[in-house]
Amino acid sequence: MSEMNYSDYISLQKEKTCDPRRRKKWLNEEWELKLFGFNKIFKNNLDYIGKKCLCIGARTGQEVQALLDLGKDAIGIDIVKCEPLVIEGDFHDLSFEDSSFDFVFSNVVDHALYPDKFFSEANRVLKNKGFSLYHLQVKKPNDKYGVFDINDVNDDVLKYNENSEVIKLSDIYYPEFNTFNKELVLQVNK
């Protein structure tokens, strides 16, 4: 984990999220492609997705829209809002009540400065027996925005989820995102 203070961390993450070229790309030419990709992801994991869903680190909200398209009640959070799909929020300190959601999704775990707080908050807002789906970037070189280096899912991620059962762990590749990831589904036991 990187040694930086929290305000430097927030500035670093906002730099990427607020970049006008990136936002224009995410909201225009990449919108349909990413929406299609998230639809595939969620259809492949439909058995784990309950009615009320939270997307953590949702940027412009394609994953939220994909869940809404599946008839789910979904909202996203990010450090920069993109309404109506994404509200402003800090994944180290979620502003939701305990046990508010049936399902949590995130593909930004590697951006957590404090992974223990990230997972603790995700599990806190999940209902008992709720599911979380994480797409994990394992040791992504040259990512100036990633903070938490995930070298091994068992050592680096599962230690923060002691009260959760691993339902699925697999290697995945979605061409819409042009990344190889680990797909991890956990069920929280409170």
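Now for a look at the structure at hand. (Residues numbered from 1 in each chain as written. Predicted model: local features only at pLDDT ≥ 70, side-chain atom pairs only at ≥ 80, totals over all residues. Heavy atoms only, no water.)

1. Considering empty space enclosed by the protein
Tallied over the full model, the rule gives two cavities of 30 Å³ or more. Of the pockets and cavities examined, the largest cavity occupies roughly 170 Å³. Forming the boundary of the largest cavity are 17 residues, of which Gln13, Asp78, Ile79, Phe91 and His111 lie nearest the centre. Elements represented by at least two residues in the lining of the largest cavity include exactly helix H1 (6-18) and strand S2 (73-78). When its residues are assigned to classes, the lining of the largest cavity shows seven nonpolar, six polar and four charged. For the second largest cavity, the calculated volume is near 30 Å³. (1 Å grid on protein atoms, 1.4 Å probe; cavity = no way out; pocket = protein on both sides within 12 Å on 5 of 7 lines; lining within 4 Å. Points joined across faces, edges and corners; volume = space filled by probe spheres on them. Helix = DSSP H or I, 4+ residues; strand = E, 2+ residues; numbered from the N terminus. Nonpolar A, V, L, I, M, F, W, Y, C, P; charged D, E, K, R; others polar.)

2. Section: the side chain of Asn181
Its location among the elements puts Asn181 in strand S7 (residues 179-188). The class for Asn181 is buried, based on a relative accessible area of 11%. Looking at Asn181, its side chain comes within polar contact range of the side chain of Gln137, at 3.0 Å. Residues contacting Asn181, with those up to four places away along its chain left out, are His135, Leu136, Gln137, Ser170, Asp171 and Ile172. (Buried < 20%, exposed > 50% of the residue type's maximum accessible area, 1.4 Å probe, protein only. Polar contact = N/O pair within 3.5 Å; in protein donor to acceptor, adjacent residues only side chain to side chain. Contact = heavy atoms within 4.5 Å.)

3. Brief notes about unusual backbone geometry
Residue Pro84 follows Glu83 across a cis peptide bond; omega there is 10°. As for its placement among the helices and strands, Pro84 is situated in the loop between S2 and strand S3 (86-88). One non-glycine residue, Arg59, adopts positive backbone phi at about 45°. You can see Arg59 is positioned in the loop between strand S1 (52-56) and helix H4 (62-69). Look at Arg59 and you get partly exposed, because its relative accessible area is 24%. Backbone geometry places Lys129, a non-glycine residue, at a positive phi of 75°. Counting through the fold element by element, Lys129 comes out in strand S5 (residues 126-136).

4. Side note on the state of the cysteines
By the definition in use, this model includes zero disulfides. A disulfide-free cysteine, Cys53 has its sulfur positioned 6.9 Å from the sulfur of Cys55, the nearest such atom. Here Cys53 falls in the buried class, since its relative accessible area comes to 0%. Lacking any disulfide linkage, Cys82 is separated from the closest cysteine sulfur, that of Cys18, by 11 Å. (Disulfide = S-S within 2.5 Å.)

5. Things to note about the sheet that holds S3
Here seven strands make up an open sheet; going across it, the order is S3-S2-S1-S4-S5-S7-S6 and the pairing mixed. Strand pairing shows two members of the sheet lacking a second neighbour, S3 and strand S6 (164-174), which therefore form its edges. Taking the axes of each pair of neighbouring strands and ignoring which way they run, one obtains an average angle of 20° across the sheet. With six bridges joining them, S5 and S7 adopt antiparallel strand pairing. Bridge pairing links Leu136 to Lys182 in S7. Across the sheet, helix H3 (residues 31-44) lies against strand S4 (101-106), S5, S6 and S7, angled at about 140° from S6, the strand it touches most. Together, S1, S4, S5, S6 and S7 form the strand contacts of helix H5 (residues 115-125), whose direction differs from that of S5 by roughly 140°. (Pairing = 2+ DSSP bridges. Axes fitted to C-alpha atoms, helices over the stretch in contact; angles between N-to-C directions.)

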